[in-house]
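Observations on the three-dimensional arrangement
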Amino acid sequence: MSNAKIGSVAFIGLGIMGGPMAANLVKAGYTVTGFNLTQPPIDALVAAGGKGATSIADAVRDADAVITMVPADPHVEQVMYGPDGVLENVRPGTLVIDMSSIKPSTSIGVAARGGELGLRVLDAPVSGGEAGAIEAVLSIMVGGAEEDFASALPLFEALGKTIVRVGPYGAGQTVKAANQLIVAGNIQLVAEALLFLERAGVDTEAGLEVLGGGLAGSTVMARKGDSMRARQFKPGFRIDLHHKDMGIVSEAARELGLVLPFGALATSLVAALRAQGDGDLDHSGLLLGLERLNGLADSPRSAGGNA
Ligand code: NAD
């Protein structure tokens with residue numbers, strides 16, 4: 001069945017990212033069976049035209065492809081391994097695609113075990129945030145065998161716009177780690193520019209508009225500038241998850257014998273915000289941490305608006 005067209009997809013982890021991604025696969029015509037730790041996202045998938053499962057085994061049993069989108073390494077290991085996990089319950093030849101952001105070494109381990117069981121495993125972390133997931137314009141960085149990438153491409157095309165195989169197993173995660181390094185640094189500098197403009201009494205809407213058209217412009221600025229100006233830090237992408245990702249970058253750089261000075265600073269600033277109890281805020285909440293560093297009282301946090 002390895003070259004057969006994919007018709008049915010099991011989707012494990014229907015959170016901020018997985019929920020809209022699974023719904024986009026339904027829209028693209030796939031039969032999607034979802035499983036999540038909590039029930040409401042399963043109900044939402046069913047309302048969107050998908051099917052609900054009562055366990056991982058139940059979800060994956062008849063699937064041509066399985067996609068997992070869970071928070072971090074321990075969750076991926078829990079979902080993949082063991083008698084109730086994905087690897088033991090799928091049919092031989094099934095494509096198993098983990099789209100979570102985790103350590104490259106964990107992805108390599110999943111691919112090795114999957115290979116022993118005759119499965120075709122890809123790591124395919126994404127960038128683009130909740131809005132990118134909803135709009136099906138994610139960037140998808142894929143590690144794994146070329147022929148498996150080719151089989152999975154129609155699925156990826158229903159989820160994203162920029163889809164690149166970057167190398168063998170684990171390479172997708174390495175590229176994602178680089179992505180998170182750039183995003184954290186970029187958010188911090190957008191926050192610093194914003195506070196700087198505010199303190200100088202400049203109209204920040206006009207300021208960010210013109211900055212966005214020049215070399216300083218970035219997707220971070222375009223997607224998060226307005227919500228940062230409004231101090232709306234509803235996730236989006238949680239500081240807790242970015243803290244996890246900065247740990248992945250730091251560990252990988254250390255293993256490579258590399259020093260990443262600005263990355264180290266960004267890692268600390270993310271960790272500080274988390275230590276202050278704000279791990280559940282969007283990562284644009286780095287602006288809040290910057291305000292504290294400047295002795296400014298906490299801005300009122302909005303519960304709405306930012307994606
Ligand atoms: P989330 O916390 O919103 O969703 C994770 C979902 O996984 C939850 O619904 C949870 O119930 C489910 N889950 C956890 N363990 C499970 C298990 N054992 N079985 C079934 N379901 C399980 O997280 P998210 O924001 O959707 O992020 C998911 C992954 O995508 C993370 O690795 C994150 O780093 C990455 N990511 C997130 C964003 C973003 O903007 N949110 C962007 C790019 C990448």
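Residues numbered from 1 in each chain as written. Predicted model: local features only at pLDDT ≥ 70, side-chain atom pairs only at ≥ 80, totals over all residues. Heavy atoms only, no water.

1. Here we look at the site of the ligand
For clarity, the threshold we go by: Definition of nearness: a residue and a molecule or strand are near each other if at least one heavy atom of the residue lies within 4 Å of the molecule or strand. A 3.5 Å cut-off defines polar contacts: any pair of N or O atoms within that distance qualifies, except that in protein one atom must be a possible hydrogen donor and the other a possible acceptor, and neighbouring residues in sequence count only when both atoms are side-chain atoms. The Shrake-Rupley method, run with a 1.4 Å probe, gives the accessible areas here. Residue values count only the displayed protein chains as cover.
By nearness alone, 26 residues border the ligand, and Ile 16, Met 17, Asn 36, Pro 71 and Lys 244 come closest of all. Residue Ile 16 places a main-chain N or O atom 2.9 Å away from an oxygen atom belonging to the ligand. At 3.2 Å from an oxygen atom of the ligand is found a main-chain nitrogen or oxygen belonging to Val 70. Look at the ligand: alone it shows 830 Å² of surface, and the protein chains cover 91% of it.

2. Looking at the domain arrangement of the protein
Heads up, the condition is: Start and end points for every domain follow an automatic or database-based domain assignment. Contacts between residues were defined by any pair of non-hydrogen atoms, one from each residue, lying within 4.5 Å. When two parts are brought into contact, each loses some accessible area as probed by a 1.4 Å sphere; the total of that loss over both is the buried area. For salt bridges, the criterion is a side-chain nitrogen of Lys or Arg within 4 Å of an Asp or Glu carboxyl oxygen. Only DSSP runs of H or I reaching four residues or more are called helices, and only runs of E reaching two or more are called strands; each is numbered from the N terminus. In the scheme used here, Gly and all other residues not listed as nonpolar or charged are polar, with Ala, Val, Leu, Ile, Met, Phe, Trp, Tyr, Cys and Pro taken as nonpolar and Asp, Glu, Lys and Arg as charged.
Under the domain assignment used here, the protein contains domain 1 (8–168) and domain 2 (174–306). Between the C-alpha centres of domain 1 and domain 2 the distance comes to 28 Å. In this complex, domain 1 contributes 18 residues to the contact, which on the side of domain 2 involves 12 residues. Counting each side, the surface lost to burial between domain 1 and domain 2 is near 1200 Å², with a carbon and sulfur contribution of 59%. Among the residues of domain 1 in contact with domain 2, Ser 101, Pro 104 and Met 141 are the three that bury the most area, contributing 31% of the side total. Joining domain 1 to domain 2, the criterion identifies two salt bridges. Between Glu 251 and Lys 103 there is a salt bridge, and its shortest N-O distance comes to 3.7 Å. Our enumeration of links across domain 1 and domain 2 arrives at five residue pairs in polar contact (both at pLDDT 80 or more). Elements with a minimum of two residues in the side of domain 1 that touches domain 2: β7 (126–127) and α7 (129–134). Looking at the side of domain 1 that touches domain 2 element by element, the count peaks at three residues for α7. Each residue belonging to the side of domain 1 that touches domain 2 can be placed in one class, and the counts come to 11 nonpolar, three polar and four charged.

3. Examining empty space enclosed by the protein
Definition in use: Cavities and pockets were defined on a 1 Å grid built over protein atoms only: a cavity is a set of grid points that admits a 1.4 Å probe from which the probe cannot escape, a pocket is an open set flanked by protein on both sides within 12 Å along at least five of seven lines, and lining residues are those with an atom within 4 Å of any such point. Grid points are joined across faces, edges and corners, and a volume is the space filled by probe spheres set on the points.
Considering all chains together, one arrives at two cavities of 30 Å³ or more under this definition. There is about 60 Å³ of room inside the largest cavity. Contributing elements (two or more residues each) for the lining of the largest cavity: α4 (73–80), β5 (95–98), α6 (104–116) and β6 (120–123). In terms of residue class, the lining of the largest cavity is made up of 10 nonpolar, one polar and two charged. Taken as a whole, the second largest cavity spans an internal volume of roughly 40 Å³.

4. Considerations on the pattern of salt bridges
Pairs can form between side chains of opposite charge once their charged atoms are near each other. One pass over the structure, following the stated rule, counts 16 salt bridges. Notably, a salt bridge pairs Glu 116 with Arg 113, separated by 2.8 Å at the nearest N-O pair. Of the two residues, Glu 116 and Arg 113 are both situated in helix α6; the distance of three residues between them amounts to about one turn of the helix. The salt bridge involving Arg 238 is made with Asp 240; its shortest N-O contact spans 3.8 Å.

5. Describing a nonpolar patch on the surface
Counted only if it meets this: Every patch collects residues that have over 30% relative accessible area and no salt bridge, joining them within 9 Å if they carry like charges and within 5 Å if they are nonpolar side chains (Val, Leu, Ile, Met, Phe, Trp, Tyr).
Taken together, the side chains of Val 164, Val 166 and Val 175 make up a nonpolar region of the molecular surface, amounting to roughly 190 Å² of accessible area. With respect to the element layout, Val 175 can be found in helix α9 (residues 171–199).

6. Some details on the pairing of β5
How we decide: Exposure categories follow from relative accessible area, calculated using a 1.4 Å probe and restricted to protein chains: below 20% of the type maximum is buried, above 50% is exposed, and the middle band is partly exposed. Only when DSSP finds a minimum of two bridges between them are two strands counted as paired. Seen with its strands pointing away from the viewer, a crossover is right-handed if its path from the first strand over the helix to the second goes clockwise.
Alternating residues of β5 divide into Leu 95 and Ile 97 and Val 96 and Asp 98, and every residue in both groups is buried. Direction of pairing for strand β4 (residues 65–68) relative to β5: parallel, over a ladder of four bridges. The residue bridging Ile 67 from the neighbouring strand is Ile 97, located in β5. Note that β5 and β6 share four bridges and pair parallel. By the bridge assignment for β6, Leu 95 is matched with Arg 120. Note on the crossover from β5 through α6 to β6: the handedness is right-handed.

7. Some details on the nonpolar core
Inclusion rule: Take the buried Ala, Val, Leu, Ile, Met, Phe, Trp, Tyr and Cys residues and link them wherever side-chain atoms come within 4.5 Å; each set so joined is a nonpolar core.
Of all hydrophobic cores here, the largest spans 55 residues; its most connected members are Met 21, Leu 25, Met 99, Ile 140 and Phe 156. Every residue in contact with Met 99, bar those within four places of it in the chain, is listed here: Met 21, Ile 67, Thr 68, Met 69, Ala 124, Pro 125, Val 126, Ile 140, Phe 156 and Leu 159. Judged by nonpolar contacts, the second largest core, of 22 residues, contains Met 221, Met 228, Ile 239 and Leu 281.

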